[in-house]
Amino acid sequence: MLTILDRYILKRYLATFMAMLLMFIPIGIIIDVSEKINKMIENKVPFMDVVVYYGNFTIYFANALFPIFLFLSIIWFTSKLANNTEIIAILSSGISFTRFLRPFIIGATIVSIGVLLMGFYVVPKASEGFNNFRYMYLRSGGREQMVGDNTDVYRQLNNKEFLYVSNFNSSSKMAFNFVLEKFDKEKMVSKITASRIKWNEKDSTYTLYDYTKRTVGELGDKIEVLPEKNLKFKFELEDLTPVVYIAETLRVGELIDFIDKERKRGSSNIKVYSVVLYKKFSVPVSAFILTVIAVAVSSMKRRGGMGMNLTIGIAVAFSFVFFDKIFGVLAEKSTFPPMLAVWFSNIVFGILAVYLLHNAKR
């Protein structure tokens, strides 16, 4: 059962966090508008597209900077409790620091569950709209950049089939120098080649130009040559070179399946996709770590009052985000294990939280 003290602190915890979001999100939107308004006017972006973009921007921005907003909100209202000597009165009444921390942990649980569910189901859709808008309207050559490197694409479609195209055009849905090889164990069964291949959306077929199929037989090979042929395959050309931010746009179940499929295909972007997946679980956990650090730092009076606590809070919050970004990039661009990179900030700041909590109890 929650006591009056628990409800009082929990209410302040959640209210201050929401107030921090409502205060900083409009500021973020204003800054973003001031930076991009000329580009939007130049590209004649429809007004409703802009409205939808900023709806997605709000969710994307709040999710990306969630640790900073949470940490500063706790620093703010806990410092006010300390300056008003409310914390001294609470602890002097016989309540232990651990017991005092309980409503903060309940608040962190509520926030982390909300962040977890948003990361699973809401943020992916917002991320898709946010990134689509940026690449289509705000970045020079953005539509071409959406598919990343689309040259010399190799894919293992399954245990038996291997595909290669020298170049892929996402707008025309056409690939060039197409090769599809099928093996039975280590022995080639068949090989299909074409100078170019085009996706037909109407009937879900592919048109292969300068088509050649070689079927390997025990007594001799069978070769079929046609100037043009329509075939059905189990893959889509867009699957060969997915958009660069594809992992951010998938719900957790879809992302797990996508990573498994890409791993079987031998994709070189597995680490990028894995970082996105692991962050869906690590970010909610950070709510507990940052809550403990914030309470331990701001629960005592300091010279300089709230200003000193906020300075320490800002330094810690930005350090957390800095480590999170640095090790995320490190995992994507090097051999550093993605899971360790994603959880590194939580591990380091978790140790710091334990240390600060131990000192605060004393």
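Residues numbered from 1 in each chain as written. Predicted model: local features only at pLDDT ≥ 70, side-chain atom pairs only at ≥ 80, totals over all residues. Heavy atoms only, no water.

1. A word on the overall build of the protein
1) Next: Within the protein one finds 11 helices and 6 strands.
2) Next: Rg of the C-alpha trace for the protein: 27 Å, well past the compact-globule value of 21 Å for 362 residues, more than 25% over.
3) Next: Here the C-alpha coordinates of the protein stretch approximately 95 × 50 × 35 Å along the principal axes.
4) Next: Taking all 362 residues of the protein together, the buried fraction comes to 42%.
5) Next: Across the protein, the fraction of contacts at a sequence separation of at least 24, relative to all contacts at a separation of at least 6, is 61%.
6) Next: Between the centroid of the 44 positive side chains of the protein and the centroid of its 31 negative side chains there is a distance of 10 Å. (Helix = DSSP H or I, 4+ residues; strand = E, 2+ residues; numbered from the N terminus. Rg over C-alpha atoms; globule rule 2.2 N^0.38 Å. Buried < 20%, exposed > 50% of the residue type's maximum accessible area, 1.4 Å probe, protein only. Contact = heavy atoms within 4.5 Å. Lys, Arg positive; Asp, Glu negative; His and termini not counted. Charge placed at Lys NZ, Arg CZ, Asp CG, Glu CD.)

2. Focus on unusual backbone geometry
1) Next: The phi torsion at lysine 185 lies on the positive side, around 60 degrees, for a residue other than glycine.
2) Next: Within the secondary structure layout, lysine 185 lies in the loop between β3 (174-184) and β4 (187-200).
3) Next: For lysine 185, a relative accessible area of 80% corresponds to the exposed category.
4) Next: A positive phi angle, near 55 degrees, is found at aspartate 210, a position not held by glycine.
5) Next: By secondary structure assignment, the location of aspartate 210 is in strand β5 (residues 205-215).
6) Next: By relative accessible area, aspartate 210 is classed as partly exposed at 48%.

3. Some points on the pairing of β5
1) Next: Direction of pairing for β4 relative to β5: antiparallel, over a ladder of 9 bridges. Residue pairing for β5: tryptophan 199 is matched across the bridge by tyrosine 206.
2) Next: Hairpin geometry of β4 and β5 is characterised by an intervening segment of 4 residues between the two adjacent antiparallel strands and by a positive phi of about 55 degrees at serine 204.
3) Next: Bridge count for β5 against strand β6 (residues 222-231) is 9 bridges, and the pairing is antiparallel. Considered in β6, the bridge of threonine 212 is made with valine 225.
4) Next: Counting the residues that bridge the hairpin from β5 to β6 gives 6 residues. (Pairing = 2+ DSSP bridges.)

4. Some points on the pattern of salt bridges
1) Next: Tallied over the full model, the rule gives 7 salt bridges.
2) Next: The residue arginine 99 makes a salt bridge to aspartate 6 at a minimum N-O spacing of 2.8 Å. Pair noted here: arginine 99 is in helix α5 (residues 97-138) and aspartate 6 is in helix α1 (residues 4-42), with a separation of 93 residues, a long-range link.
3) Next: Ionic pairing is found between aspartate 6 and arginine 102, a salt bridge with its closest N-O pair at 2.6 Å. Separated by 96 residues along the polypeptide, aspartate 6 in helix α1 and arginine 102 in helix α5 bring together distant segments of the chain. (Salt bridge = Lys/Arg side-chain N within 4 Å of Asp/Glu carboxyl O.)

5. Overview of the confidence of the model for the protein
1) Next: In the predicted model, the protein carries a mean pLDDT of 85, and 93% of its residues have values of at least 70.
2) Next: When the elements of the protein are averaged for pLDDT, helix α6 (residues 142-145) gives the smallest value, 61, and β5 the largest, 92. (pLDDT = per-residue confidence, 0-100.)

6. Points about helix α2 (residues 47-64)
1) Next: Across its 18 residues, α2 extends 25 Å between first and last C-alpha, which sits within 8% of the 26 Å expected from 1.5 Å per residue.
2) Next: Taken together, the buried positions of α2 are Val50, Tyr53, Tyr54, Asn56, Phe57, Phe61 and Ala62.
3) Next: Where the residues of α2 are buried, they touch α1, α3 (66-83) and α5. (Expected span 1.5 Å × (residues − 1).)

7. A short note on the sheet that holds β3
1) Next: The antiparallel open sheet is built from 6 strands, whose spatial order is β1-β2-β3-β4-β5-β6. Where the open sheet ends on each side, the last strands, each with one partner, are β1 (151-156) and β6. Direction aside, neighbouring strands of the sheet carry axes that sit 15 degrees apart on average. (Axes fitted to C-alpha atoms, helices over the stretch in contact; angles between N-to-C directions.)

8. Looking at the side chain of serine 127
1) Next: Structurally, serine 127 is set in helix α5.
2) Next: Polar contacts involving the side chain of serine 127 include one to the side chain of glutamate 248, which spans 3.0 Å.
3) Next: Apart from residues no more than four positions distant in its own chain, serine 127 is found in contact with Tyr60, Glu248 and Thr249. (Polar contact = N/O pair within 3.5 Å; in protein donor to acceptor, adjacent residues only side chain to side chain.)

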